[in-house]
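# Fold and contact review
Below, each chain spelled out in residue letters.
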Amino acid sequence: MLQVQEQISQPDLSSPQFRANPHPFYAQLRAVAPVHRVRLSRRESAWMVTRYNDVQAVLKDQRFAKDRFQAMTPEQQAKMPWIPEMIKPLARNMLDLDEPDHGRLRSLVHQAFTPRLIEQLRERVQSLCDELLDAAQRRGRMDLIHDYALPLPITIITEMLGVPSKDRAKFHRWSSTIVSATSGSEMLRVLPSVWLFMRYVRQFFKQRRAQPGDDLTTALIQAEQAGDRLSEDELLAMVMLLLIAGHETTVNLIASGTLALLQHPEQKQRLHDNPGLIKPAIEELLRYTSPVDCATERFAREDVVFKDVLIARGEQIIAVLGSANRDEEQFANPDTLDLTREPNRHLAFGQGIHYCLGAPLARLEGQIAINTLLRRMPKLCLAVAPEQLRWRRGLIIRGLQKLPVAF
C-alpha cells in the first residue's frame with residue numbers, strides 16, 4: 001500500500017485547475033489507494049477517503065472527532081500553527097464540535113430549518129427569482145452567479161437573520177475569502193476578512209439586543225432550551241456559520257447545476273418540458289456537481305486501523321463527498337447526468353449527526369431557481385467557451401467564479 005501511495009502524483013488539490021475537474025484523480029484513488037495521504041500545505045497532511053462506503057463510515061464513526069483539540073495529544077497540540085486569540089470563539093460553531101455540545105447547539109437552531117417552516121419561504125423565493133431574472137432580461141446579459149445564483153440564497157439567509165440588505169455584498173466577500181483557506185497555515189491570509197466579519201456581527205448583536213426584531217438572530221439571542229442559552233462566543237460562531245453555510249453551497253448548486261444542464265442539452269430539454277421532474281433533478285445535480293466537495297475535517301481520537309491503513313491519533317481525515325458521489329460501486333454510470341436516477345442515495349449533504357441543517361432550504365432554493373430559469377429563459381446557453389470558465393480556489397467548496405450566459 002505504501003508503495004502505491006508513493007507512486008501517485010498529487011496535484012494541487014485547492015487550485016482552480018484541479019477544481020475544474022477533480023474526478024479523474026478521485027477515480028484513481030478509489031481504484032488503487034482509497035485511503036490516501038495528501039499534503040495540504042508545507043506543514044499539514046491528511047488522509048483522503050474516497051470510496052462511498054468508506055466516506056459514509058467516516059462520517060458516522062465516533063472515533064473520528066470534529067474538535068481537533070479533543071483528539072490530539074498535548075505534544076501534537078503544541079506543534080499546531082498559532083491561532084490568534086480573536087478567532088478562537090469561532091471554534092464554538094456546531095460544525096466543529098462533537099456531542100454533547102453539538103447536539104445542544106443544533107437543538108437551539110434547528111426549529112428554524114424544519115421542512116414545514118422552510119416551505120413557508122416558497123413564495124418569497126419564487127418572487128425573488130422572478131425579480132432577479134426581470135433585471136437580467138432588461139440588461140440583456142447575465143453572469144449567472146453574480147446576478148442570480150448568489151443574490152438569491154444570500155438574500156434569503158440574511159432576511160432570515162435580520163441583516164440589512166445593504167450589507168449582503170460584504171458578507172459574500174468575507175465568506176468567499178474565508179472558505180478559500182485549505183489549511184490551518186492559510187488562516188493568516190484570511191484573518192482580515194475574519195476580523196471584519198466578527199466585528200460586524202458583534203455590532204449587529206448589540207443592535208438586536210437594544211432593538212429585538214422578528215428574525216432568527218433575535219430568536220437565537222433569546223433562545224433558551226432547558227435553561228441553556230447560547231454564550232456570546234457560541235452566538236457569534238452560530239450566526240457566522242449560518243451566514244456562510246446558508247449561501248455558499250446553494251450558490252454552487254444553482255450555478256454548477258445550471259452549467260451541467262447546459263453541457264447536457266438533452267437533460268436540460270427534458271427538465272424544461274417536464275418541470276415536475278425538478279425534485280429528482282436537483283438530487284441528481286447535487287450528486288453530479290457535489291457543491292461541497294469535501295466534508296469538513298475529522299481527527300482520529302485514537303490510533304485507528306481503517307481499511308488496512310493505520311491512522312494515528314490526532315491525524316486528519318478528509319471524506320471526499322464528490323468522490324463518493326461518483327463511486328462506480330454505488331452508482332451505475334456515475335459520470336453520466338441522469339435527472340431521473342433512481343435510487344440516488346448521494347452524500348452531498350453529508351451524513352450522521354453533522355448532516356446539513358440547511359438541506360431543506362438548499363433543496364427549495366435549487367428547485368425554484370432552476371425551474372424558473374429554464375421556464376423563463378429556454379434558450380439559455382454559455383456565453384463563453386467552457387475552457388474559459390474559472391473555478392474558485394479551495395478544498396471544501398467547489399464552485400465557479402463566474403458563469404456568463406446568453407439567453
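The following paragraphs examine the structure supplied in this document. (Residues numbered from 1 in each chain as written. Predicted model: local features only at pLDDT ≥ 70, side-chain atom pairs only at ≥ 80, totals over all residues. Heavy atoms only, no water.)

## Overview of the overall build of the protein
The condition is simple: By the criteria applied, helices consist of DSSP H or I runs no shorter than four residues and strands consist of E runs no shorter than two, each listed in order from the N terminus. Only the C-alpha atoms count toward the radius of gyration. The rule for a globule is 2.2 Å times the residue count to the power 0.38. Only protein chains enter the accessibility calculation, which uses a 1.4 Å probe; a residue whose area is less than 20% of its type maximum is buried, one above 50% is exposed, and one in between is partly exposed. We call two residues in contact whenever any of their non-hydrogen atoms come within 4.5 Å of each other. With residues, only the protein chains shown are counted as cover, and all accessible areas are computed by Shrake-Rupley using a 1.4 Å probe. Here Asp and Glu are counted as negative and Lys and Arg as positive; His is not counted, and neither are the chain ends. Taken as the charge location is NZ of Lys, CZ of Arg, CG of Asp or CD of Glu.
In terms of regular secondary structure, the protein is built from 19 helices and 10 strands. Its C-alpha atoms give the protein a radius of gyration of 21 Å, within 12% of the compact-globule value 22 Å for 407 residues. On the principal axes, the C-alpha backbone points of the protein span a range of 60 × 55 × 35 Å. In the protein, buried positions account for 57% of the 407 residues. Within the protein, residue pairs in contact and separated by at least 24 positions form 72% of the contacts whose partners lie at least 6 positions apart. Carbon and sulfur atoms provide 52% of the accessible area of the protein, an area that totals close to 18100 Å². One finds the centroid of the 53 positive side-chain charges in the protein at a distance of 4 Å from the centroid of its 48 negative side-chain charges.

## Regarding the pairing of strand β2 (residues 45-49)
A regular strand carries its side chains on alternate faces of the sheet. What counts here: Here the rule is simple: two strands pair whenever DSSP picks up at least two bridges between them.
Among the 5 residues of β2, 4 are classified as buried, and the element is accordingly described as predominantly covered. Alignment of strand β1 (residues 35-39) against β2, held across 5 bridges, turns out to be antiparallel. When the bridges of β2 are listed, H36 appears paired with M48. Between β1 and β2, which follow one another and run antiparallel, lie 5 residues. Across 3 bridges, the pairing between β2 and strand β8 (residues 316-319) is parallel. Each bridged residue has a counterpart across the sheet, and for W47 the counterpart in β8 is I317.

## Brief notes about the packing of aromatic side chains
The condition that has to hold: Between rings of Phe, Tyr and Trp, where Trp is taken as its six-membered ring, a pair exists when centres lie within 6.5 Å; planes separated by under 30 degrees are stacked, by over 60 edge-to-face, and by other angles tilted. Here, a charge over a ring means that NZ of Lys or CZ of Arg falls within 6 Å of the ring centre while also lying within 35 degrees of the ring normal.
One pass over the full model with this rule turns up 9 aromatic pairs. Note on W174 and Y200: the rings are 6.2 Å apart at their centroids and 55° apart in plane angle, and the pair reads as tilted. With W174 in helix α12 (residues 168-179) and Y200 in helix α13 (residues 187-210), the pair connects residues that are 26 residues apart, well separated along the chain. For W174, a relative accessible area of 8% translates into the label buried. Note on Y200: relative accessible area 16%, which makes it buried. Seen in terms of ring centroids, F349 and Y355 are 6.1 Å apart; in terms of plane orientation they differ by 65°. Their pairing is edge-to-face. Judged by relative accessible area, Y355 falls into the partly exposed class, the value being 32%. An aromatic cluster of three or more residues is present, and its members are W174, F197, Y200 and F204. The lysine or arginine in question, R63, covers the ring of F64, its NZ or CZ lying 6.0 Å from the ring centre. Note that R398 overlies the ring of W391, its terminal NZ or CZ placed 4.2 Å from the centroid.

## So, the sheet that holds strand β5 (residues 298-300)
Threshold: Between N-to-C directions, angles span 0 to 180 degrees; the directions come from axes that are lines fitted to C-alpha atoms, helices contributing only their stretch in contact.
Strand order in the open sheet made by the 5 strands is β1-β2-β8-β5-β3, with mixed pairing throughout. The open sheet has two edge strands, β1 and β3 (64-65), and neither has a second partner. This element, helix α4 (residues 52-60), spans β2, β3, β5 and β8 of the sheet and lies at about 125° to β8.

## Considerations on the state of the cysteines
Basically, it comes down to this: Note on terminology: disulfide denotes any pair of cysteine sulfur atoms within 2.5 Å.
Evaluation of the coordinates by the stated rule reveals 0 disulfides. For C294, which is in no disulfide, the shortest distance to another cysteine sulfur is to C356 and amounts to 16 Å. On the basis of relative accessible area, C294 is assigned to the buried category, the value being 0%.

## Concerning the nonpolar core
Filter applied, for reference: Here, nonpolar core refers to any group of buried Ala, Val, Leu, Ile, Met, Phe, Trp, Tyr and Cys residues whose side-chain atoms link them within 4.5 Å.
If you look at the biggest cluster of nonpolar residues, it comprises 97 residues, and the most contacted ones within it are F113 and Y148. Looking at this core, the element that brings in the most residues is helix α15 (residues 232-262), giving 14 residues. In contact with F113, not counting residues within four places along its chain, are I118, I157, M160, L216, L242, L357, G358, P360 and L361. Grouped together as the second largest cluster of nonpolar side chains are 19 residues, I278, A281, Y288 and L337 included.

## Considerations on the environment of I157
As for its placement among the helices and strands, I157 is situated in helix α11 (residues 151-161). Owing to a relative accessible area of 0%, I157 belongs among the buried residues under this scheme. Sequence separation of I157 and G352 is 195 residues, and the distance between their C-alpha atoms is 24 Å.

## Comments concerning α12
Our working definition: Each residue after the first adds 1.5 Å to the expected span of a helix.
End to end, α12 covers 17 Å across 12 residues, agreeing with the expected 16 Å (1.5 Å per residue, within 8%). Residues of α12 that are buried: R168, F171, H172, W174, S175, S176, I178 and V179.

## Thoughts on the packing of helix α9 (residues 122-139) against helix α19 (residues 359-376)
What describes two packed helices is the angle between their axes and the distance between those same axes. The criterion, for reference: What makes a crossing left-handed is the near helix being turned counterclockwise from the far one by less than a right angle; a clockwise turn instead makes it right-handed.
The geometry of α9 relative to α19 is characterised by a closest axis approach of 10 Å and an angle of 40° between their N-to-C directions. By crossing handedness, the relation of α9 to α19 is classed as right-handed. Contact residues: R122, V125, Q126, C129, D130, L133, D134 and Q137 in α9; L364, E365, Q367, I368, A369, T372, L373, R375 and R376 in α19.

## Focus: the sheet that holds strand β10 (residues 404-406)
Strands in a sheet are paired, the pairing made by backbone hydrogen bonds, and the direction either parallel or antiparallel. Here 3 strands make up an open sheet; going across it, the order is β4-β10-β9 and the pairing antiparallel. Both edges of this open sheet fall to β4 (142-143) and β9 (381-382), since each of them pairs with a single strand only.

## With respect to the packing of α11 against α19
Our working rule: Angle categories: roughly parallel below 35 degrees, roughly antiparallel above 145, roughly perpendicular from 65 to 115, and oblique for all the rest.
Where α11 meets α19, the closest approach of the two axes is 11 Å, and the angle between their N-to-C directions is 140°. When the axes of α11 and α19 are compared, the pair comes out oblique. Helix-helix and strand crossings are classified by hand; for α11 and α19 the assignment is right-handed. Here L152, P153, I156 and M160 of α11 lie close against α19, whose contacting residues are L361, E365 and A369.

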